[in-house]
Amino acid sequence: MDSLLRSGPAGAEAVVDTYRELALPLVEQLAGKGFRDQWEALAGLGVLRLDPPEPEAGAAADPAAPGPVTRSLAMIEGIGLAGVDPGVVYAMASQVFGMEYPLRAALPAAAWQAVARIQDGGELLCHALTERKGGSDPLSMDTRARRDGDGYVLDGAKTFITAAPVADLALVFARTGEGRSPFSLSAFLFPVPTPGVTRAGAFAKTALPGVPMGELVFDGVRLPAGSLVGGEGSGLALLTSTTTWERALLLGYALGPMRRTLRRLTDWASERGHFGRRMGASHQVASRISDMALVLHRSRTLLYGMAARLDAGTPTRRLSAEAALTKISVSEDYVRLTEHATALSGVRAFIADSELPADLHSPMAALTYAGPNDLLRIGVAREFGLPVEN
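To start, this report covers the structure provided alongside it. Predicted model only: the values in this text are computed from it and were never measured. (Residues numbered from 1 in each chain as written. Predicted model: local features only at pLDDT ≥ 70, side-chain atom pairs only at ≥ 80, totals over all residues. Heavy atoms only, no water.)

1. Section: the overall build of the chain
Defined as follows: The way it works is that DSSP assigns letters per residue, a run of H or I at least four long becomes a helix, a run of E at least two long becomes a strand, and they are numbered from the N terminus. Two things to know: the radius of gyration comes from C-alpha atoms, and the globule rule equals 2.2 Å times the number of residues to the power 0.38. Working definition: with a 1.4 Å probe on protein chains only, accessible area under 20% of the residue-type maximum means buried, over 50% means exposed, and in between means partly exposed. Contact criterion: two residues are considered in contact whenever any of their non-hydrogen atoms come within 4.5 Å of each other. All accessible areas in this document rest on Shrake-Rupley with a 1.4 Å probe, and a residue is counted as covered only by the protein chains that are shown.
Per the secondary structure count, the chain includes eleven helices and ten strands. Relative to the globule expectation of 21 Å for 390 residues, the C-alpha radius of gyration of the chain, 22 Å, shows essentially globular dimensions. Principal-axis analysis of the C-alpha atoms places the extent of the chain at approximately 80 × 55 × 45 Å. Here the chain holds 390 residues, and 50% of them are scored as buried. Intrachain contacts of the chain at a sequence separation of at least 6 include 75% that bridge at least 24 residues. In the structure as shown, the chain presents an accessible area of about 17,500 Å², 55% of it carried by carbon and sulfur atoms.

2. Structural notes on the environment of Pro-193
Within the secondary structure layout, Pro-193 lies in the loop between strand E5 (185-191) and strand E6 (197-199). A C-alpha to C-alpha distance of 37 Å links Pro-193 and Asn-390, two positions 197 residues apart in sequence. Discounting chain neighbours no more than four positions away, the residues touching Pro-193 are Asp-168 and Arg-199.

3. Some remarks on unusual backbone geometry
If you check the backbone angles, Leu-208 has positive phi at about 45° while not being a glycine. Note on placement: Leu-208 falls in the loop between E6 and strand E7 (213-224). Among the residues examined, Leu-208 registers a relative accessible area of 5% and is labelled buried. Although it is not a glycine, Ala-370 adopts a positive phi angle of roughly 60°. By the element assignment, Ala-370 lies in the loop between helix H10 (361-365) and helix H11 (373-383).

4. Description of the packing of aromatic side chains
The line we're drawing: Between rings of Phe, Tyr and Trp, where Trp is taken as its six-membered ring, a pair exists when centres lie within 6.5 Å; planes separated by under 30 degrees are stacked, by over 60 edge-to-face, and by other angles tilted.
A complete count under the given rule lists ten aromatic pairs for this structure. The interplanar angle of 5° and the centroid separation of 6.3 Å between the aromatic rings of Phe-97 and Tyr-101 together place this pair among those described as stacked. Of this pair, Phe-97 and Tyr-101 both sit in helix H4 (residues 86-106), four residues apart, which is roughly one turn of that helix. A single burial state applies to Phe-97 and to Tyr-101, both of which are buried.

5. Concerning the nonpolar core
Under the convention used in this document: Among buried residues, those of type Ala, Val, Leu, Ile, Met, Phe, Trp, Tyr and Cys that are joined through side-chain atoms within 4.5 Å constitute a nonpolar core.
Judged by nonpolar contacts, the single largest core of 115 residues is most densely connected at Met-92, Phe-97, Leu-249 and Tyr-253. Ranked by residues supplied to this core, first place goes to H4 with eleven residues. Apart from the residues within four sequence positions on either side, Met-92 is in contact with Trp-39, Leu-42, Ala-43, Val-47, Leu-48, Ile-76 and Ile-79.

6. Focus on the packing of helix H9 (residues 320-345) against H11
As a reminder, the rule being used: The convention used is that axes are lines fitted to C-alpha atoms, helices contributing only their stretch in contact, and that angles between N-to-C directions extend from 0 to 180 degrees. By convention the crossing between two helices is left-handed if the near helix lies anticlockwise of the far one by an angle smaller than a right angle, and right-handed if it lies clockwise. Under this grouping Gly is polar, as are all residues other than the nonpolar Ala, Val, Leu, Ile, Met, Phe, Trp, Tyr, Cys and Pro and the charged Asp, Glu, Lys and Arg.
H11 packs onto H9 with a crossing angle of 145° between their chain directions and a minimal axis gap of 9 Å. Crossing handedness for the pair H9 and H11: left-handed. Residues Ser-320, Ala-321, Ala-324, Leu-325, Lys-327, Ile-328, Ser-331 and Glu-332 of H9 pack against Asn-373, Leu-376, Arg-377, Val-380 and Glu-383 of H11. Among the residues making up the contact of H9 with H11, the classes are represented as six nonpolar, three polar and four charged.

7. Thoughts on the side chain of Thr-266
Quick reminder of the rule: Polar contact is the term for a pair of N or O atoms within 3.5 Å; when the atoms are in protein, one must be able to donate a hydrogen and the other to accept it, and sequence-neighboring residues count only if both atoms are side-chain atoms.
By the element assignment, Thr-266 lies in helix H7 (residues 255-271). A distance of 2.7 Å separates the side chain of Thr-266 from the backbone oxygen of Leu-262, its partner in a polar contact.

8. Comments concerning the pattern of salt bridges
Note the following rule: By salt bridge we mean one thing: a side-chain nitrogen of Lys or Arg within 4 Å of a carboxyl oxygen of Asp or Glu.
Counted according to the given criterion, the structure contains 23 salt bridges. Residue Glu-40 pairs with Arg-36 through a salt bridge whose shortest N-O separation is 3.5 Å. A residue pair is termed a helical-turn pair when its members lie 3 or 4 positions apart in one helix, as Glu-40 and Arg-36 do in helix H2 (residues 35-43) at four residues. In this structure, Asp-333 engages Arg-298 in a salt bridge whose closest nitrogen and oxygen atoms are separated by 2.8 Å. With a gap of 35 residues between them, Asp-333 in helix H9 and Arg-298 in helix H8 (residues 283-311) connect regions that are remote in the sequence.

9. So, the packing of helix H3 (residues 68-82) against H4
The description of two helices packed together rests on the angle between their axes and the distance between the axes. As a reminder, the rule being used: Put simply, angles under 35 degrees are roughly parallel, angles over 145 are roughly antiparallel, angles from 65 to 115 are roughly perpendicular, and the rest are oblique.
One can describe the packing of H3 onto H4 by two numbers: an axis separation of 9 Å at closest approach and a directional angle of 170°. Between H3 and H4, the angle is such that the two are roughly antiparallel. In contact with Pro-68, Val-69, Ser-72, Leu-73, Ile-76, Ile-79 and Gly-80 of H3, H4 contributes Val-89, Met-92, Ala-93, Val-96, Phe-97 and Tyr-101. A breakdown of the residues in the contact of H3 with H4 according to their chemical character gives eleven nonpolar, two polar and no charged.

So, in C-alpha coordinates, the structure goes:
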(Lines give C-alpha, C1' and ligand atoms only; values in the text may rest on other atoms or scores of the structure.)
Protein backbone atom coordinates (compact mmCIF):
# COMPACT_ATOMS: atom_id res chain seq x y z
CA MET A 1 0.00 0.00 0.00
CA ASP A 2 2.76 2.44 0.92
CA SER A 3 4.20 2.37 -2.61
CA LEU A 4 0.85 3.57 -3.98
CA LEU A 5 0.97 6.60 -1.69
CA ARG A 6 4.59 7.56 -2.34
CA SER A 7 3.84 9.59 -5.43
CA GLY A 8 5.68 12.73 -4.32
CA PRO A 9 9.20 13.78 -5.27
CA ALA A 10 11.82 11.31 -3.98
CA GLY A 11 13.44 13.98 -1.83
CA ALA A 12 10.14 14.86 -0.19
CA GLU A 13 9.31 11.21 0.50
CA ALA A 14 12.70 10.82 2.17
CA VAL A 15 11.93 13.78 4.45
CA VAL A 16 8.55 12.26 5.36
CA ASP A 17 10.29 9.00 6.32
CA THR A 18 13.01 10.79 8.28
CA TYR A 19 10.63 12.86 10.36
CA ARG A 20 8.33 9.93 10.98
CA GLU A 21 11.29 8.04 12.43
CA LEU A 22 12.46 11.06 14.44
CA ALA A 23 9.00 11.64 15.91
CA LEU A 24 8.10 8.02 16.69
CA PRO A 25 10.04 7.82 20.01
CA LEU A 26 8.67 11.23 21.03
CA VAL A 27 5.06 10.07 20.66
CA GLU A 28 5.43 7.67 23.57
CA GLN A 29 7.61 10.01 25.61
CA LEU A 30 5.13 12.89 25.25
CA ALA A 31 1.99 10.90 26.04
CA GLY A 32 0.04 12.83 28.66
CA LYS A 33 2.27 15.91 28.38
CA GLY A 34 0.89 19.41 27.88
CA PHE A 35 0.71 21.23 24.58
CA ARG A 36 3.76 23.39 25.25
CA ASP A 37 5.93 20.38 26.15
CA GLN A 38 4.94 18.65 22.92
CA TRP A 39 5.50 21.82 20.91
CA GLU A 40 9.01 22.37 22.21
CA ALA A 41 10.04 18.73 21.79
CA LEU A 42 8.85 18.61 18.17
CA ALA A 43 10.36 22.01 17.41
CA GLY A 44 13.63 20.53 18.59
CA LEU A 45 13.49 18.23 15.56
CA GLY A 46 13.54 21.29 13.30
CA VAL A 47 9.91 21.10 12.16
CA LEU A 48 9.44 24.88 12.46
CA ARG A 49 12.64 25.85 10.68
CA LEU A 50 12.08 27.25 7.19
CA ASP A 51 15.58 26.62 5.87
CA PRO A 52 17.22 23.17 5.69
CA PRO A 53 20.41 22.57 7.64
CA GLU A 54 23.59 23.73 5.97
CA PRO A 55 25.48 20.87 4.27
CA GLU A 56 28.64 19.72 5.99
CA ALA A 57 31.83 21.41 4.91
CA GLY A 58 32.95 20.04 1.57
CA ALA A 59 29.70 18.16 0.98
CA ALA A 60 27.93 18.71 -2.33
CA ALA A 61 24.35 19.88 -2.34
CA ASP A 62 21.84 17.06 -2.81
CA PRO A 63 20.19 17.59 -6.22
CA ALA A 64 17.15 15.60 -5.05
CA ALA A 65 16.62 17.76 -1.97
CA PRO A 66 13.15 19.33 -1.96
CA GLY A 67 12.57 23.07 -1.88
CA PRO A 68 12.00 24.66 1.54
CA VAL A 69 8.20 24.76 1.31
CA THR A 70 7.98 21.16 0.12
CA ARG A 71 10.37 20.18 2.89
CA SER A 72 8.19 21.91 5.49
CA LEU A 73 5.13 20.07 4.20
CA ALA A 74 6.97 16.75 4.28
CA MET A 75 8.09 17.35 7.88
CA ILE A 76 4.50 18.09 8.89
CA GLU A 77 3.28 14.93 7.17
CA GLY A 78 6.06 12.88 8.76
CA ILE A 79 5.30 13.81 12.35
CA GLY A 80 1.59 13.28 11.72
CA LEU A 81 2.34 9.85 10.27
CA ALA A 82 4.26 9.02 13.44
CA GLY A 83 1.09 9.57 15.48
CA VAL A 84 1.79 12.97 17.02
CA ASP A 85 -1.43 14.52 18.37
CA PRO A 86 -3.24 16.02 15.35
CA GLY A 87 -3.98 19.23 17.25
CA VAL A 88 -0.28 19.82 17.81
CA VAL A 89 0.52 19.03 14.17
CA TYR A 90 -2.26 21.41 13.08
CA ALA A 91 -0.83 24.19 15.26
CA MET A 92 2.66 23.67 13.84
CA ALA A 93 1.35 23.74 10.27
CA SER A 94 -0.60 26.89 11.08
CA GLN A 95 2.48 28.68 12.42
CA VAL A 96 4.81 27.55 9.62
CA PHE A 97 2.53 28.18 6.66
CA GLY A 98 0.09 30.76 7.98
CA MET A 99 2.62 32.97 9.76
CA GLU A 100 6.32 32.18 9.37
CA TYR A 101 6.55 32.12 5.58
CA PRO A 102 4.36 35.21 5.04
CA LEU A 103 6.11 37.17 7.79
CA ARG A 104 9.56 36.37 6.49
CA ALA A 105 8.48 37.79 3.13
CA ALA A 106 6.81 40.86 4.66
CA LEU A 107 9.32 41.93 7.33
CA PRO A 108 12.66 43.65 6.76
CA ALA A 109 15.55 41.27 7.36
CA ALA A 110 16.41 42.77 10.74
CA ALA A 111 12.81 42.60 11.95
CA TRP A 112 12.52 38.97 10.84
CA GLN A 113 15.72 38.05 12.65
CA ALA A 114 14.28 39.60 15.81
CA VAL A 115 11.42 37.09 15.81
CA ALA A 116 13.06 34.18 13.96
CA ARG A 117 13.56 32.44 17.31
CA ILE A 118 10.00 31.19 16.94
CA GLN A 119 11.52 28.58 14.61
CA ASP A 120 13.27 26.98 17.59
CA GLY A 121 10.05 26.57 19.55
CA GLY A 122 11.11 28.65 22.53
CA GLU A 123 8.48 31.24 21.65
CA LEU A 124 5.09 30.61 20.09
CA LEU A 125 3.18 32.87 17.70
CA CYS A 126 -0.59 33.24 17.31
CA HIS A 127 -2.68 34.82 14.53
CA ALA A 128 -5.40 37.13 15.90
CA LEU A 129 -7.96 38.11 13.28
CA THR A 130 -11.44 36.82 14.12
CA GLU A 131 -13.85 38.82 16.27
CA ARG A 132 -17.12 37.80 17.86
CA LYS A 133 -19.16 39.62 15.24
CA GLY A 134 -17.36 38.05 12.32
CA GLY A 135 -14.21 36.47 11.00
CA SER A 136 -14.71 35.91 7.29
CA ASP A 137 -15.40 39.63 6.77
CA PRO A 138 -12.25 41.33 8.08
CA LEU A 139 -13.37 44.80 6.99
CA SER A 140 -16.15 44.64 9.57
CA MET A 141 -13.71 44.39 12.50
CA ASP A 142 -14.01 46.74 15.47
CA THR A 143 -10.54 46.33 17.01
CA ARG A 144 -8.82 49.66 16.47
CA ALA A 145 -5.28 51.00 16.68
CA ARG A 146 -5.09 54.79 16.91
CA ARG A 147 -1.97 56.84 16.55
CA ASP A 148 -0.52 58.20 19.75
CA GLY A 149 2.77 60.06 19.48
CA ASP A 150 5.23 57.86 17.62
CA GLY A 151 3.26 54.69 18.39
CA TYR A 152 -0.25 53.28 18.60
CA VAL A 153 -2.89 52.48 21.22
CA LEU A 154 -4.79 49.25 20.61
CA ASP A 155 -8.32 48.54 21.87
CA GLY A 156 -10.66 45.67 21.09
CA ALA A 157 -10.82 41.88 21.29
CA LYS A 158 -10.06 38.84 19.15
CA THR A 159 -11.52 35.37 19.56
CA PHE A 160 -11.15 31.76 18.38
CA ILE A 161 -7.37 32.18 18.27
CA THR A 162 -5.34 28.99 18.02
CA ALA A 163 -2.74 28.81 20.82
CA ALA A 164 -3.76 32.16 22.34
CA PRO A 165 -3.76 30.78 25.91
CA VAL A 166 -0.05 29.88 25.62
CA ALA A 167 1.32 32.15 22.88
CA ASP A 168 4.26 34.49 23.46
CA LEU A 169 3.77 36.70 20.38
CA ALA A 170 0.63 37.79 18.56
CA LEU A 171 0.07 38.93 14.99
CA VAL A 172 -2.95 41.20 15.43
CA PHE A 173 -5.02 42.84 12.71
CA ALA A 174 -6.69 46.12 13.64
CA ARG A 175 -8.50 49.03 12.06
CA THR A 176 -6.39 52.14 11.43
CA GLY A 177 -8.77 53.72 8.90
CA GLU A 178 -12.49 54.12 8.41
CA GLY A 179 -15.01 52.26 6.30
CA ARG A 180 -14.40 49.31 4.02
CA SER A 181 -11.38 50.63 2.20
CA PRO A 182 -8.78 47.93 1.45
CA PHE A 183 -6.30 50.24 3.18
CA SER A 184 -8.25 50.57 6.43
CA LEU A 185 -6.50 47.70 8.24
CA SER A 186 -3.00 47.31 9.64
CA ALA A 187 -1.11 44.43 11.24
CA PHE A 188 0.91 44.52 14.46
CA LEU A 189 3.35 41.99 15.88
CA PHE A 190 4.09 42.24 19.60
CA PRO A 191 4.52 40.19 22.80
CA VAL A 192 1.29 38.91 24.35
CA PRO A 193 2.48 39.83 27.89
CA THR A 194 2.30 43.54 26.95
CA PRO A 195 0.47 45.72 29.53
CA GLY A 196 -3.21 45.97 28.66
CA VAL A 197 -3.44 42.54 27.02
CA THR A 198 -5.67 40.00 28.78
CA ARG A 199 -5.98 36.35 27.88
CA ALA A 200 -9.43 34.85 28.29
CA GLY A 201 -9.77 31.23 29.34
CA ALA A 202 -9.30 28.46 26.81
CA PHE A 203 -12.38 27.11 25.03
CA ALA A 204 -13.46 23.52 25.68
CA LYS A 205 -13.19 22.23 22.11
CA THR A 206 -14.60 19.09 20.53
CA ALA A 207 -12.29 19.31 17.48
CA LEU A 208 -8.49 19.19 17.72
CA PRO A 209 -8.57 19.30 21.53
CA GLY A 210 -4.80 18.84 21.64
CA VAL A 211 -4.22 22.53 20.82
CA PRO A 212 -5.72 25.26 23.03
CA MET A 213 -7.86 28.05 21.59
CA GLY A 214 -8.79 31.29 23.33
CA GLU A 215 -9.36 35.05 23.22
CA LEU A 216 -7.21 38.14 23.59
CA VAL A 217 -8.62 41.43 24.93
CA PHE A 218 -6.79 44.73 24.33
CA ASP A 219 -7.44 47.66 26.66
CA GLY A 220 -5.31 50.70 25.91
CA VAL A 221 -2.35 48.60 24.77
CA ARG A 222 0.54 50.91 23.87
CA LEU A 223 2.52 49.66 20.90
CA PRO A 224 5.75 51.11 19.52
CA ALA A 225 5.91 52.07 15.85
CA GLY A 226 8.22 49.10 15.28
CA SER A 227 5.39 46.68 16.01
CA LEU A 228 3.65 47.71 12.78
CA VAL A 229 4.15 45.07 10.07
CA GLY A 230 4.63 46.79 6.72
CA GLY A 231 3.13 50.23 6.31
CA GLU A 232 -0.02 51.55 7.87
CA GLY A 233 -2.95 50.36 5.79
CA SER A 234 -1.18 47.26 4.47
CA GLY A 235 -2.96 44.86 6.82
CA LEU A 236 -5.37 43.46 4.24
CA ALA A 237 -2.50 42.73 1.86
CA LEU A 238 -0.67 40.79 4.59
CA LEU A 239 -3.90 39.02 5.54
CA THR A 240 -4.39 37.97 1.93
CA SER A 241 -0.91 36.46 1.98
CA THR A 242 -1.34 34.63 5.29
CA THR A 243 -4.71 33.19 4.29
CA THR A 244 -3.46 32.07 0.87
CA TRP A 245 -0.50 30.30 2.46
CA GLU A 246 -2.77 28.71 5.05
CA ARG A 247 -5.41 27.55 2.58
CA ALA A 248 -2.72 26.17 0.31
CA LEU A 249 -0.92 24.03 2.88
CA LEU A 250 -2.54 23.97 6.34
CA LEU A 251 -4.33 20.71 5.55
CA GLY A 252 -0.93 19.07 5.28
CA TYR A 253 -1.48 18.31 8.97
CA ALA A 254 -4.24 15.87 7.95
CA LEU A 255 -2.09 13.71 5.66
CA GLY A 256 -0.50 11.75 8.51
CA PRO A 257 -3.81 10.95 10.25
CA MET A 258 -5.40 10.04 6.91
CA ARG A 259 -2.58 7.61 6.09
CA ARG A 260 -2.70 6.08 9.57
CA THR A 261 -6.47 5.58 9.30
CA LEU A 262 -6.18 3.93 5.90
CA ARG A 263 -3.43 1.60 7.11
CA ARG A 264 -5.35 0.68 10.25
CA LEU A 265 -8.56 -0.12 8.34
CA THR A 266 -6.73 -2.04 5.61
CA ASP A 267 -4.93 -4.25 8.15
CA TRP A 268 -8.15 -4.83 10.08
CA ALA A 269 -10.21 -5.71 6.99
CA SER A 270 -7.47 -8.10 5.84
CA GLU A 271 -7.57 -10.07 9.09
CA ARG A 272 -11.14 -9.84 10.41
CA GLY A 273 -13.46 -12.79 9.79
CA HIS A 274 -16.86 -11.79 8.40
CA PHE A 275 -19.63 -14.11 7.17
CA GLY A 276 -17.21 -16.99 6.83
CA ARG A 277 -14.54 -15.07 4.95
CA ARG A 278 -12.10 -12.25 5.50
CA MET A 279 -13.83 -8.89 5.59
CA GLY A 280 -11.55 -7.55 2.88
CA ALA A 281 -12.92 -10.11 0.42
CA SER A 282 -16.16 -8.13 0.25
CA HIS A 283 -16.51 -5.96 -2.83
CA GLN A 284 -18.20 -3.27 -0.74
CA VAL A 285 -15.32 -3.19 1.74
CA ALA A 286 -12.77 -3.19 -1.05
CA SER A 287 -14.60 -0.31 -2.72
CA ARG A 288 -14.53 1.79 0.45
CA ILE A 289 -10.82 1.08 1.00
CA SER A 290 -10.13 2.06 -2.61
CA ASP A 291 -12.11 5.27 -2.19
CA MET A 292 -10.08 6.08 0.93
CA ALA A 293 -6.87 5.58 -1.06
CA LEU A 294 -8.27 7.75 -3.84
CA VAL A 295 -9.01 10.76 -1.63
CA LEU A 296 -5.66 10.43 0.14
CA HIS A 297 -3.79 10.27 -3.18
CA ARG A 298 -5.70 13.29 -4.46
CA SER A 299 -5.01 15.26 -1.28
CA ARG A 300 -1.28 14.53 -1.34
CA THR A 301 -1.06 15.44 -5.02
CA LEU A 302 -2.82 18.77 -4.49
CA LEU A 303 -0.84 19.78 -1.41
CA TYR A 304 2.57 18.89 -2.80
CA GLY A 305 1.60 20.59 -6.04
CA MET A 306 0.88 23.81 -4.13
CA ALA A 307 4.18 23.49 -2.26
CA ALA A 308 6.01 23.14 -5.57
CA ARG A 309 4.32 26.28 -6.93
CA LEU A 310 5.39 28.26 -3.88
CA ASP A 311 8.92 26.85 -4.04
CA ALA A 312 9.04 28.01 -7.65
CA GLY A 313 8.38 31.57 -6.48
CA THR A 314 4.80 31.91 -7.69
CA PRO A 315 3.37 35.04 -5.99
CA THR A 316 0.59 34.29 -3.51
CA ARG A 317 -1.65 36.81 -5.26
CA ARG A 318 -1.71 34.44 -8.23
CA LEU A 319 -2.53 31.42 -6.07
CA SER A 320 -5.56 32.55 -4.08
CA ALA A 321 -8.11 30.60 -6.14
CA GLU A 322 -5.93 27.49 -6.35
CA ALA A 323 -5.28 27.66 -2.61
CA ALA A 324 -9.01 27.89 -1.93
CA LEU A 325 -9.72 24.93 -4.23
CA THR A 326 -7.00 22.91 -2.51
CA LYS A 327 -8.37 23.67 0.93
CA ILE A 328 -11.93 22.79 -0.15
CA SER A 329 -10.86 19.54 -1.80
CA VAL A 330 -8.55 18.26 0.93
CA SER A 331 -10.87 19.16 3.81
CA GLU A 332 -13.84 17.49 2.14
CA ASP A 333 -11.73 14.45 1.26
CA TYR A 334 -10.62 14.24 4.90
CA VAL A 335 -14.28 14.05 5.88
CA ARG A 336 -14.99 11.43 3.18
CA LEU A 337 -12.10 9.26 4.31
CA THR A 338 -13.28 9.45 7.92
CA GLU A 339 -16.85 8.60 6.91
CA HIS A 340 -15.62 5.52 5.06
CA ALA A 341 -13.54 4.52 8.08
CA THR A 342 -16.55 4.94 10.35
CA ALA A 343 -18.76 2.81 8.09
CA LEU A 344 -16.16 0.04 8.04
CA SER A 345 -15.47 0.17 11.77
CA GLY A 346 -19.08 0.05 12.86
CA VAL A 347 -19.70 0.65 16.54
CA ARG A 348 -15.96 0.42 17.23
CA ALA A 349 -15.63 3.88 15.69
CA PHE A 350 -17.51 5.32 18.66
CA ILE A 351 -15.71 3.45 21.46
CA ALA A 352 -12.80 5.54 22.70
CA ASP A 353 -10.55 2.64 23.69
CA SER A 354 -11.35 0.39 20.72
CA GLU A 355 -8.76 -0.45 18.10
CA LEU A 356 -10.67 1.66 15.53
CA PRO A 357 -11.87 4.88 17.15
CA ALA A 358 -12.93 7.65 14.77
CA ASP A 359 -12.66 11.38 15.38
CA LEU A 360 -15.43 12.94 13.31
CA HIS A 361 -15.28 16.41 14.84
CA SER A 362 -11.76 17.29 13.69
CA PRO A 363 -12.27 16.48 9.99
CA MET A 364 -15.59 18.34 10.04
CA ALA A 365 -13.87 21.36 11.58
CA ALA A 366 -11.51 21.41 8.59
CA LEU A 367 -14.47 22.55 6.50
CA THR A 368 -14.55 25.78 8.54
CA TYR A 369 -11.09 26.92 9.58
CA ALA A 370 -8.97 29.00 7.16
CA GLY A 371 -12.33 30.11 5.72
CA PRO A 372 -15.64 28.21 5.50
CA ASN A 373 -15.78 26.19 2.31
CA ASP A 374 -19.08 27.76 1.27
CA LEU A 375 -17.51 31.21 1.26
CA LEU A 376 -14.38 29.96 -0.48
CA ARG A 377 -16.56 28.61 -3.27
CA ILE A 378 -18.00 32.10 -3.74
CA GLY A 379 -14.51 33.51 -4.13
CA VAL A 380 -13.64 30.86 -6.71
CA ALA A 381 -16.85 31.63 -8.63
CA ARG A 382 -15.82 35.29 -8.78
CA GLU A 383 -12.57 34.21 -10.42
CA PHE A 384 -14.75 32.86 -13.26
CA GLY A 385 -16.42 36.26 -13.60
CA LEU A 386 -19.70 35.46 -11.89
CA PRO A 387 -21.23 38.55 -10.20
CA VAL A 388 -21.87 36.64 -6.97
CA GLU A 389 -21.94 38.42 -3.59
CA ASN A 390 -21.31 37.01 -0.11
